[in-house]
Amino acid sequence: MLLRKIGAQASSIAAPWLLLCALASQPALALSEHNVPKIVEVGADRGPVAVEQEQNLTIILKLHNQAAFDKVVENLYDPKSPSYHEWLSEADLDQYAPTAAEFATVQNELVKQGFSVVSSDPGRFSIRVHGSVGTIQKAFQTELHTFSFQGSTVQAHVRDAQLAGEAGGAGRLRRRT
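A brief report on the enclosed structure follows. Counting of residues starts from 1 at the beginning of each chain's written sequence and follows it residue by residue. Local features in this predicted model are restricted to residues whose pLDDT is 70 or higher, and side-chain atom pairs enter the listing and the counts only when it is 80 or higher, whereas totals over whole chains, interfaces and linings include all residues. Neither water nor hydrogens contribute to the side-chain values; these are computed over all heavy atoms in the structure.

## Remarks on unusual backbone geometry
- Despite not being glycine, H85 shows a phi value in the positive range, around 60°.
- Each helix is a run of DSSP H or I of at least 4 residues and each strand a run of E of at least 2, with the numbering of both proceeding from the N terminus. Along the chain, H85 turns up in the loop between α2 (66-76) and β5 (88-89).
- Residue H85 is classed as partly exposed on the basis of its relative accessible area of 48%.
- The backbone phi angle of Q141 is positive, close to 50°, even though this residue is not glycine. Type-normalised accessible area, obtained with a 1.4 Å probe on protein chains alone, sets the label of each residue: buried when under 20%, exposed when over 50%, and partly exposed for intermediate values.

Here it is in structure tokens:
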């Protein structure tokens, strides 16, 4: 059985690719109305990203029952907890994962919007896709800009992102270059 260790900071992944949280329209996957990253406020805007630039995206789907998941992860790091430093099994994780139907809805919408699927997580937590910045901007109804802050360069969406079509909304868009 494949086991995964989930860190307390699982929702704040810093990756060398564009990170994008896509959410299905079901209430369990609702996204907050405002989802522009903080870098847009604090970073120096270096301008729009070229629309023809190709990007790989990892779409991270929102968990079901986030509060319960956070508590489980917190207990993994609490020396007083019986689950301290334990591993979560796939069965443990499955209770928080998007349903197969929610996952398929998001994946189908991404393909419909012009992305090619590179890979899909069998646990239904993420989908890796490829497409141009133009496709990203159209699909998520926003614009990507490059920002610099404290020696790092990142790409971020400047307006609230929302995936067009049946799949609902989208969240953080980040890129370190």
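Having seen it, we continue.
## Re the packing of aromatic side chains
- Side-chain rings of Phe, Tyr and Trp, where Trp is taken by its six-membered ring, are said to pair if the distance between their centres is within 6.5 Å; with planes under 30 degrees apart they count as stacked, over 60 as edge-to-face, and otherwise as tilted. Here the structure, examined in full by the defined rule, presents two aromatic pairs.
- The interplanar angle of 70° and the centroid separation of 5.3 Å between the aromatic rings of F69 and Y96 together place this pair among those described as edge-to-face. Here the residue F69 occupies a position in helix α2, and Y96 occupies one in the loop between α3 (90-94) and α4 (100-112), the gap between them amounting to 27 residues.
- Assessed through its relative accessible area of 6%, F69 is described here as buried.

## Some remarks on α4
- Expected helix span is given by 1.5 Å per residue-to-residue step, counting one fewer step than there are residues. An ideal rise of 1.5 Å per residue puts 18 Å on 13 residues; α4 measures up with 18 Å between its terminal C-alpha atoms.
- Immediately beyond the C-terminal end of α4, within one or two residues, lies G114, with a positive phi of roughly 110°.

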